[in-house]
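Per-entry structural report
The chain contents come next:
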Amino acid sequence: MYRFLFLLFSSFLTLVAAAQPGNDDPCNAIPLTVGTTCNYAQYTNASATASSGILAPGCALYSGGDVWFSVVVPASGGIIIDTDEGTITDGGMAIYSGPNCNNLNTLIVCDDDGSSNGFMPSISQTGLTPGATVYIRVWEYGNDNNGTFSICVKASIPCTASSSNSSCAAADPFCTGVSSDFCNTTNVPSIGQGLFSTSAGYNPIYGCLGSSPNPAFYFMNIATTGPIVFNISQQTNAGVGIDVDYVVWGPFASQAAMCSGLAANNIVSCSYSLASVETASIPNAQAGQWYMVLITNFSNQPGVINFSQTNASTPGSGTTNCNIMTAVPGLCSGGNFT
């Protein structure tokens with residue numbers, strides 16, 4: 001009887017172990033290939049367990065059920081990791097580094113809803129050490145709907161040339177539903193200031209800004225009504241944060257009305273601090289409206305500007321239209337398109 005119970009218990013343990021994914025811990029991480037484009041491959045975290053002895057990721061309600069991947073950092077020092085839905089429709093992801101897979105002592109970044117694929121995570125990270133291995137931790141939000149998901153990794157190319165959107169008329173589109181990187185502007189003089197009314201160059205349309213060196217203009221279109229809160233960060237190509245200041249104007253009824261309509265009385269958010277990460281807020285964005293954003297680069301160092309919405313998973317929050325970043329105009333008859 002004892003032998004029978006022992007064999008039964010051993011068989012049970014074997015079945016449980018066999019049910020767990022092979023990449024249930026970091027030392028069995030699945031290596032991912034860094035491509036020039038995003039080529040998704042499907043995996044699962046069904047029956048995955050919690051990884052112990054590793055820093056908590058700190059986002060996306062991590063409650064266990066994680067699986068692991070590894071990536072060798074390309075020569076550019078930057079990678080973009082994106083995920084897509086499967087059984088899992090709301091995921092979390094974090095990347096770690098350390099001396100080895102048994103000692104991942106550095107949490108580099110954690111993301112919740114950065115992807116344009118529903119509530120899935122996406123991470124764009126620069127300033128990593130070329131040739132080093134980083135480890136990717138993926139889990140389902142709350143660990144209550146585990147199963148399939150897809151993931152891909154592509155190289156992120158560092159910014160070596162200044163952005164061309166230094167005037168409002170040349171503004172670039174962006175959206176907050178996905179973590180988006182843009183090259184900043186360098187070697188462009190300040191276009192004005194709004195902080196000191198007695199100073200030369202004063203223009204009230206620049207609100208709280210004491211100066212606006214290396215301006216970069218971006219615009220967005222509201223898709224769903226509700227509050228929108230998003231981070232604006234700026235860092236060098238080596239991943240070191242640098243001062244970022246901004247002004248947000250709106251709302252505008254059309255894209256064409258934005259540049260001629262910039263005014264002190266339609267500034268909805270503004271910051272002029274030493275921080276490398278700022279938080280902008282549009283309390284009551286309405287579907288169909290347009291907003292213009294000015295970002296400056298006080299240190300005049302080439303690098304990356306990043307936008308990422310922080311309240312995307314909050315019920316009732318607004319969303320922006322990401323189609324303006326990728327849409328290709330079709331044939332039209334007797335009309336104009338931008």
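From a predicted model like this one, the values you see are computed outputs, not experimental measurements.

Cut-offs applied
- Residues numbered from 1 in each chain as written.
- Predicted model: local features only at pLDDT ≥ 70, side-chain atom pairs only at ≥ 80, totals over all residues.
- Heavy atoms only, no water.
- Pairing = 2+ DSSP bridges.
- Helix = DSSP H or I, 4+ residues; strand = E, 2+ residues; numbered from the N terminus.
- Buried < 20%, exposed > 50% of the residue type's maximum accessible area, 1.4 Å probe, protein only.
- Lys, Arg positive; Asp, Glu negative; His and termini not counted.
- Salt bridge = Lys/Arg side-chain N within 4 Å of Asp/Glu carboxyl O.
- Contact = heavy atoms within 4.5 Å.
- Disulfide = S-S within 2.5 Å.
- Axes fitted to C-alpha atoms, helices over the stretch in contact; angles between N-to-C directions.
- 1 Å grid on protein atoms, 1.4 Å probe; cavity = no way out; pocket = protein on both sides within 12 Å on 5 of 7 lines; lining within 4 Å.
- Points joined across faces, edges and corners; volume = space filled by probe spheres on them.
- Nonpolar A, V, L, I, M, F, W, Y, C, P; charged D, E, K, R; others polar.
- Phe/Tyr/Trp six-rings, centres within 6.5 Å; stacked < 30°, edge-to-face > 60°.
- Patch = residues over 30% accessible without salt bridge, like charges linked within 9 Å, V, L, I, M, F, W, Y side chains within 5 Å.
- Areas by Shrake-Rupley, 256 points an atom, 1.4 Å probe, with all protein chains shown as cover.
- pLDDT = per-residue confidence, 0-100.

1. Topic: the sheet that holds strand 6 (residues 106–111)
- On the basis of which strands lie adjacent, the open sheet formed by 5 strands has the order 1-3-8-5-6 and mixed pairing. The strands lining the two open edges of the sheet, one partner per strand, are strand 1 (30–31) and strand 6.
- Sheet analysis places strand 5 (residues 91–97) next to strand 6, joined by 5 bridges and oriented antiparallel. Bridged to Ser-97 within strand 6 is Thr-106.

2. Focus: the side chain of Asp-243
- Tracing the chain through its elements places Asp-243 in the loop between strand 13 (226–236) and strand 14 (245–252).
- Buried charge Asp-243 goes without a salt bridge, the closest partner of opposite sign being Lys-154 at 28 Å.
- Setting aside chain neighbours within four positions, we find Asp-243 in contact with Gln-234, Ser-273, Leu-274, Ala-275, Ser-276, Thr-296 and Phe-298.

3. Some details on the environment of Asn-187
- Position of Asn-187 relative to the elements: it lies in the loop between strand 11 (180–183) and strand 12 (216–224).
- Since its relative accessible area comes to 63%, Asn-187 is described here as exposed.
- Spatially, the C-alpha atom of Asn-187 lies 8.2 Å from that of Pro-213, the residues being 26 residues apart in sequence.
- Beyond its immediate chain neighbours, meaning those up to four positions away, Asn-187 contacts Asn-214 and Asn-300.

4. Here we look at the state of the cysteines
- Evaluation of the coordinates by the stated rule reveals 6 disulfides.
- A sulfur-sulfur distance of 2.1 Å marks the disulfide that ties Cys-168 to Cys-259. Classification of the bridge connecting Cys-168 and Cys-259 rests on its S-S torsion, roughly -95 degrees, and on that basis the disulfide is left-handed. Placement of Cys-168 in the loop between strand 9 (148–155) and strand 10 (172–173) and of Cys-259 in the loop between strand 14 and strand 15 (267–271) is noted, with a sequence separation of 91 residues between them.
- Judged by its relative accessible area of 13%, Cys-168 is buried.
- Residue pairing for Cys-208: its cysteine sulfur links by disulfide to Cys-270, the two sulfurs lying 2.0 Å apart.

5. Some points on the sheet that holds strand 13
- Sheet architecture is open: 4 strands sit in the order 11-18-13-16, paired in antiparallel fashion. The open sheet is flanked by strand 11 and strand 16 (277–285), the only strands paired with a single partner. For this sheet, the mean inter-axis angle between neighbouring strands, taken without regard to orientation, is 20 degrees.

6. Remarks on the layout of surface pockets
- Approximately 660 Å³ is the volume found for the largest pocket.
- Lining the largest pocket are 26 residues, with Val-109, Cys-110, Asp-111, Asn-306 and Ser-308 sitting closest to its centre.
- Residues belonging to the lining of the largest pocket are distributed by class as follows: 7 nonpolar, 15 polar and 4 charged.

7. Some thoughts on the packing of aromatic side chains
- Under the definition given, this model contains 13 aromatic pairs.
- Consider the rings of Phe-174 and Phe-230, whose centres lie 6.1 Å apart with planes at 55 degrees: the pair is tilted. Separated by 56 residues along the polypeptide, Phe-174 in the loop between strand 10 and strand 11 and Phe-230 in strand 13 bring together distant segments of the chain. Phe-230 carries the same exposure label as Phe-174, and that label is buried.
- By way of ring pairs, the aromatic residues Phe-174, Phe-182, Tyr-218, Phe-230 and Phe-307 are connected into one cluster.

8. Describing the pairing of strand 14
- Counting buried positions over the 8 residues of strand 14 gives 7, a clear majority of the element.
- Where strand 14 lies against strand 17 (residues 290–296), 6 bridges are found, and the strand directions are antiparallel. The residue of strand 17 that forms the bridge with Trp-249 is Met-292.
- Two strands pair when backbone bridges link them, and strand 14 and strand 15 are joined in this way by 4 bridges, in the antiparallel orientation. Residue pairing in the sheet places Val-248 in a bridge with Ser-269 of strand 15.

9. Some remarks on the environment of Val-244
- One can find Val-244 in the loop between strand 13 and strand 14.
- Considered as a pair, Val-244 and Ala-275 are 31 residues apart in the sequence and their alpha carbons are 6.4 Å apart.
- In contact with Val-244, other than residues within four places in its own chain, are Ile-232, Ser-233, Gln-234, Ser-273, Ala-275, Ser-276, Val-277, Glu-278, Ile-295 and Thr-296.

10. Side note on a nonpolar patch on the surface
- A grouping of Leu-195, Tyr-272 and Phe-298 is seen on the molecular surface, where their side chains present a nonpolar patch of about 280 Å² in accessible area.
- By the element assignment, Tyr-272 lies in the loop between strand 15 and strand 16.

11. Details of the confidence of the model for the chain
- Overall, the predicted model of the chain reaches an average pLDDT of 87, with 88% of residues at or above 70.
- Segment residues 4–9: pLDDT under 50, and 0 contacts once partners within four positions in sequence are set aside and those in other chains are kept.
- For residues 11–17, every residue scores under 50 in pLDDT, and the model assigns this stretch 0 contacts once sequence neighbours within four places are set aside.

12. Details of unusual backbone geometry
- Omega for the peptide link from Gly-250 to Pro-251 comes to -5 degrees, which places this bond in the cis form.
- Take Pro-251: it is sitting in strand 14.
- Although it is not a glycine, Asn-143 sits at a positive phi angle of roughly 60 degrees.
- Here Asn-187, not a glycine, exhibits a phi torsion of approximately 60 degrees, which is positive.

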